[in-house]
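# Close look at the chain arrangement
Below are the chains, spelled out letter by letter.
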Amino acid sequence: MALSPDDRALLAALEAGLPLVPRPFAALGERLGLAEHAVLVRLAALRAAGVINRAGLIVRHRELGYRANAMVVLDVPDAELEAAGRRLAREPAVSLCYARPRRPPLWPYNLFFMVHGPERLATLRAVHAVLMRAGLESVPRAVLFSRRRFVQRAARYAPADAGPVEAAA
Amino acid sequence: MRSGHLDPIDRAIVAALQRGVPTVERPFAELAASLETTEEAVVARLARLIDAGVVGRFAPMLDAEKLGGAVTLCAVAVPADRLEEVAARLAALPEVAHNYERAHRFNMWFVLAVERPEQLATAIARIEAETGLAVLDLPKLEEYRLELVLPV
């Protein structure tokens, strides 16, 4: 999708954070010289086009008590990959679920999902419960818990004049 | 402020707004009504939660590919005594958006995000040259779920 200069200015302004007032889109428009209605129309269009995936609060997992973050990787037969992904996506405990390529012989796994929990043991139990319900308990897997977070910042793939934005990999 | 210090109204606000802010003239009105409070009280609490670092700012999450860019997930097996050094090298690169140490032989996992798809290969080659370590490039082939909603 080609972004207009107004779209870029809007995304850059939003990146700094939604104004914390009862009518934030009016405040945003005032800053940009756009009417509130124009801001709402452009945002709806960007969302409908899929340019904006989500526009919610960015939650800090650790600060909210979620200290364990498990990336679960599975080696699912190719013919079953799509169905397995769809089953995992229905699980409330699963926050992200993607198919990715295997890189044999170093990396045999093709299905990834994330589970967040208060600590490792409870998170591991949640992972096992998800795998059982999805019928994936006997598929080869690894569970990679996070240790340290080195960088968590906004990605900068957007055009330079639109400023940094959050990315979903 | 730890999560234990959030009162039930704070928790309800965080839970509701993780799912997104409605793009309407008064996006906090419905939430305020359901909590029997005012929009001003909701935004004041939000400002406090953001100041306390419990939640980040409101920001849109954009689809890199729809904007003409590209994103991938990368993994590297880093010798234990080089973790800090390699993390520092990655932190210096503008293409690196997230970097986690994880408990596995492939112990460093980071996201690369670039403005144009051809820049991914360049960034990976540069990381391999600077660190002497092989990078596993694991781009998303299919997305089954993208939701970061946590119960609070």
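Residues numbered from 1 in each chain as written. Chains lettered and ligands numbered in written order. Predicted model: local features only at pLDDT ≥ 70, side-chain atom pairs only at ≥ 80, totals over all residues. Heavy atoms only, no water.

## A short note on the pairing of strand 3 (residues 70-76) of chain B
Residue and element names in this part refer to chain B. Of all seven residues making up strand 3, seven are buried, and the element is well covered by its neighbours. Burial of the side chains of strand 3 extends over both faces: Ala-70, Thr-72, Cys-74 and Val-76 are buried on one face and Val-71, Leu-73 and Ala-75 on the other. As paired strands, strand 3 and strand 6 (residues 136-138) are joined by three bridges and run antiparallel to one another. Paired with Cys-74 across the two strands is Asp-137, which belongs to strand 6. (Buried < 20%, exposed > 50% of the residue type's maximum accessible area, 1.4 Å probe, protein only. Helix = DSSP H or I, 4+ residues; strand = E, 2+ residues; numbered from the N terminus. Pairing = 2+ DSSP bridges.)

## Section: the nonpolar core
In this structure, Leu-18, Phe-25 and Leu-28 of chain A together with Leu-17 and Phe-28 of chain B are the most contacted members of the largest nonpolar core, which totals 26 residues. Breaking this core down by element, the ones donating at least two residues are helix 1 (5-15), helix 2 (24-32) and helix 3 (36-48) of chain A together with helix 1 (8-18), helix 2 (29-34) and helix 3 (39-51) of chain B. Apart from the residues within four sequence positions on either side, Leu-28 of chain A is in contact with Leu-10, Ala-13, Leu-14, Leu-18, Pro-19 and Val-39 of chain A. Judged by nonpolar contacts, the second largest core, of 23 residues, contains Val-72, Leu-81, Ala-84 and Val-94 of chain A. (Core = buried A, V, L, I, M, F, W, Y, C linked by side-chain atoms within 4.5 Å. Contact = heavy atoms within 4.5 Å.)

## Thoughts on unusual backbone geometry
Between Pro-104 of chain A and Pro-105 of chain A the backbone carries a cis peptide bond, its omega angle lying at 0 degrees. Inspection of the secondary structure assignment puts Pro-105 of chain A in the loop between strand 4 (94-99) and strand 5 (111-117). Within the chain, Glu-36 of chain B stands out as a residue other than glycine whose phi angle is a positive 55 degrees.

## Describing helix 1 of chain B
All names here are of chain B. Asp-10, Ile-13, Val-14, Leu-17 and Gln-18 are the residues of helix 1 that are buried. Summarising the axial view, the buried residues of helix 1 lie within an arc of 120 degrees, below the 170-degree limit, and thus occupy one face. The N-terminus of helix 1 is capped by Asp-7, whose side-chain oxygen sits 3.0 Å from the backbone nitrogen of Ile-9. The positive-phi residue at the C-terminal boundary of helix 1 is Gly-20, with phi of around 130 degrees. (Arc of directions from axis to C-beta. Polar contact = N/O pair within 3.5 Å; in protein donor to acceptor, adjacent residues only side chain to side chain.)

## Re the pairing of strand 4 of chain A
Residue and element names in this part refer to chain A. With six of six residues buried, strand 4 lies mostly within the body of the structure. Here strand 4 runs beside strand 5; their pairing, made up of four bridges, is antiparallel. Bridge pairing in strand 5 places Tyr-98 opposite Phe-112.

## What about the confidence of the model for chain A?
All names here are of chain A. Per-chain confidence: chain A averages 84 in pLDDT, with 81% of residues scoring 70 or above. Within chain A, strand 7 (residues 166-167) has the poorest average pLDDT of any element, 40, and helix 4 (residues 78-89) the best, 96. A low-confidence stretch, residues 154-169 stays under pLDDT 50, and its non-local contacts, those more than four residues away or across chains, total 59 contacts. (pLDDT = per-residue confidence, 0-100.)

## Focus: the pattern of salt bridges
Residues and elements named next belong to chain A. If you walk through the whole model with that rule in mind, you get 19 salt bridges over all chains. For Arg-102, the salt bridge goes to Asp-75, with nearest N and O atoms at 3.0 Å. With a gap of 27 residues between them, Arg-102 in the loop between strand 4 and strand 5 and Asp-75 in the loop between strand 3 (68-74) and helix 4 connect regions that are remote in the sequence. By relative accessible area, which is 23% here, Asp-75 ends up partly exposed. (Salt bridge = Lys/Arg side-chain N within 4 Å of Asp/Glu carboxyl O.)

## Notes on the packing of helix 2 of chain A against helix 3 of chain A
Residues and elements named next belong to chain A. Close contact between helix 2 and helix 3 brings their axes to 8 Å; oriented N to C, the two are set at 105 degrees. In terms of orientation, helix 2 and helix 3 fall into the roughly perpendicular class. Residues Phe-25, Ala-26, Leu-28 and Gly-29 of helix 2 lie in contact with helix 3, whose contacting residues are Glu-36, Val-39, Leu-40 and Leu-43. (Axes fitted to C-alpha atoms, helices over the stretch in contact; angles between N-to-C directions. Parallel < 35°, antiparallel > 145°, perpendicular 65-115°, else oblique.)

## Quick notes on the packing of aromatic side chains
In this structure the tally under the stated criterion is five aromatic pairs over all chains. Taking 5.1 Å as the distance between ring centres and 75 degrees as the angle between the ring planes, the aromatic pair formed by Trp-107 of chain A and Tyr-109 of chain A counts as edge-to-face. As far as the burial class goes, Trp-107 of chain A and Tyr-109 of chain A line up, both buried. Relative to Trp-109 of chain B, the ring of Phe-112 of chain A lies with its centre 6.3 Å away and its plane at 65 degrees, an arrangement referred to as edge-to-face. Residue Phe-112 of chain A is located in strand 5, and its partner Trp-109 of chain B is located in strand 5 (residues 108-114); the two belong to separate chains. For the pair formed by Phe-112 of chain A and Trp-109 of chain B, the shared burial category is buried. Members of the aromatic cluster, connected to one another through ring pairs, are Trp-107, Tyr-109 and Phe-112 of chain A together with Phe-106 and Trp-109 of chain B. (Phe/Tyr/Trp six-rings, centres within 6.5 Å; stacked < 30°, edge-to-face > 60°.)

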